[in-house]
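Commentary on secondary and tertiary structure
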Amino acid sequence: EMEAKYSRKMQALRDEMDLRRKTEIHELEERKNTQISELMGNHEGTFGAIKNYYNDITAKNLTLIKLLKEQVEDLKKKEALLEKEKADVLLQNKGLMEPLQEARELVAELQKKLVHYYRDKEALMTSKAHLKITQKELKDLQWEHEVLEQRFSKVQAERDELYEKFTKAINEVQQKTGFKNLLLERKMKGLLNLLEQKEVELSEVIAASNLDPSALSLVSHKLEDVLSSKNATIHELQMQLARVCKAHNDMLQTFEAKLTAFGIPVDNLGFQPLSFPFPGQ
């Protein structure tokens, strides 16, 4: 009984489960069919749009192909015409090649002649300009030559005159300076000898008189004053002698410069500079 009971329950459960399964399958099929219908509708719309798009493109391409074919035909016709014209031009060029070659050779020869012509023309103009400049320089040089000859003659006369005056002046100056130097040297030697003599006499007087220090100091001061006066005189004479020597040497340098300027050798002067009797004066 229990087996039969559970068999009935199992059968009832199986029937219920089959019914539920069939219901669910039916619902799934309905949803599937609905989705399929929607997808087919969407696909048909998209396909229609794509079909229209490609139909438009195809129509445009056909139109473009037709237009391009027409253009190709026109280009072929133009190409044939150009080929014909090219053949005519080549034929004409072939006939003109020989005259063209002759014309080119003639042009090259004329260009060479033109270059030589311009070169010769420039050389001629340059030569004319140089000739004018040379002629002007020649005239200027001739004029300068005449002026220089006149100046040379004048300078020669002045040189001879100056040389005579110079020789005469040198002789006079040498005689005067030599005589004056001799007098000054003799005078200085006399004063020095006199000074030495006075110093010896003074020493003898001082030694013989046995003067007191005050008197000796007074005599010494007076002697120093006398010596200072004599030293000043000697210094003045030395300065005069130095001035005379310097004037002689300056004049000698001036004459030497003049001789050099006039082209006279300095060796012909015959005079030597005077040396100062006291170095440093």
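Residues numbered from 1 in each chain as written. Predicted model: local features only at pLDDT ≥ 70, side-chain atom pairs only at ≥ 80, totals over all residues. Heavy atoms only, no water.

As annotated in an unreviewed UniProt entry, the protein carries the name Dynein regulatory complex subunit 4 and is attributed to Helopsaltes ochotensis.

**Some details on a nonpolar patch on the surface**
A contiguous nonpolar surface patch, about 290 Å² in accessible area, is contributed by Met10, Leu13 and Met17. For Met17, the position within the fold is in helix 1 (residues 2-209). According to the relative accessible area criterion, Met17 is partly exposed, its value standing at 42%. (Patch = residues over 30% accessible without salt bridge, like charges linked within 9 Å, V, L, I, M, F, W, Y side chains within 5 Å. Areas by Shrake-Rupley, 256 points an atom, 1.4 Å probe, with all protein chains shown as cover. Salt bridge = Lys/Arg side-chain N within 4 Å of Asp/Glu carboxyl O. Helix = DSSP H or I, 4+ residues; strand = E, 2+ residues; numbered from the N terminus. Buried < 20%, exposed > 50% of the residue type's maximum accessible area, 1.4 Å probe, protein only.)

**A look at the pattern of salt bridges**
Where side chains of opposite charge bring their charged atoms close, a pairing between them can arise. Counting across every chain of the model gives five salt bridges. A salt bridge links Lys113 to Glu109; its shortest N-O distance comes to 3.8 Å. Of this pair, Lys113 and Glu109 both sit in helix 1, four residues apart, which is roughly one turn of that helix. A relative accessible area of 42% places Glu109 in the partly exposed class.

**Remarks on the environment of Glu158**
Its place among the elements puts Glu158 in helix 1. As for Glu158 and Phe262, which are separated by 104 residues in sequence, their C-alpha atoms are 9.3 Å apart.

**Some thoughts on the nonpolar core**
Of all hydrophobic cores here, the largest spans five residues; its members are Leu184, Met188, Leu237, Leu241 and Cys245. For this core, the leading source of residues is helix 2 (residues 213-261), giving three residues. The residues touching Leu237, leaving out its near neighbours within four places in the chain, are Leu184, Lys187, Met188 and Leu191. (Core = buried A, V, L, I, M, F, W, Y, C linked by side-chain atoms within 4.5 Å. Contact = heavy atoms within 4.5 Å.)

**Topic: the environment of Leu183**
Examined against the element boundaries, Leu183 turns out to sit in helix 1. With relative accessibility at 43%, the residue Leu183 sits in the partly exposed group. Sequence-wise, Leu183 and Leu241 are 58 residues apart; in three dimensions their C-alpha atoms are separated by 10.0 Å.

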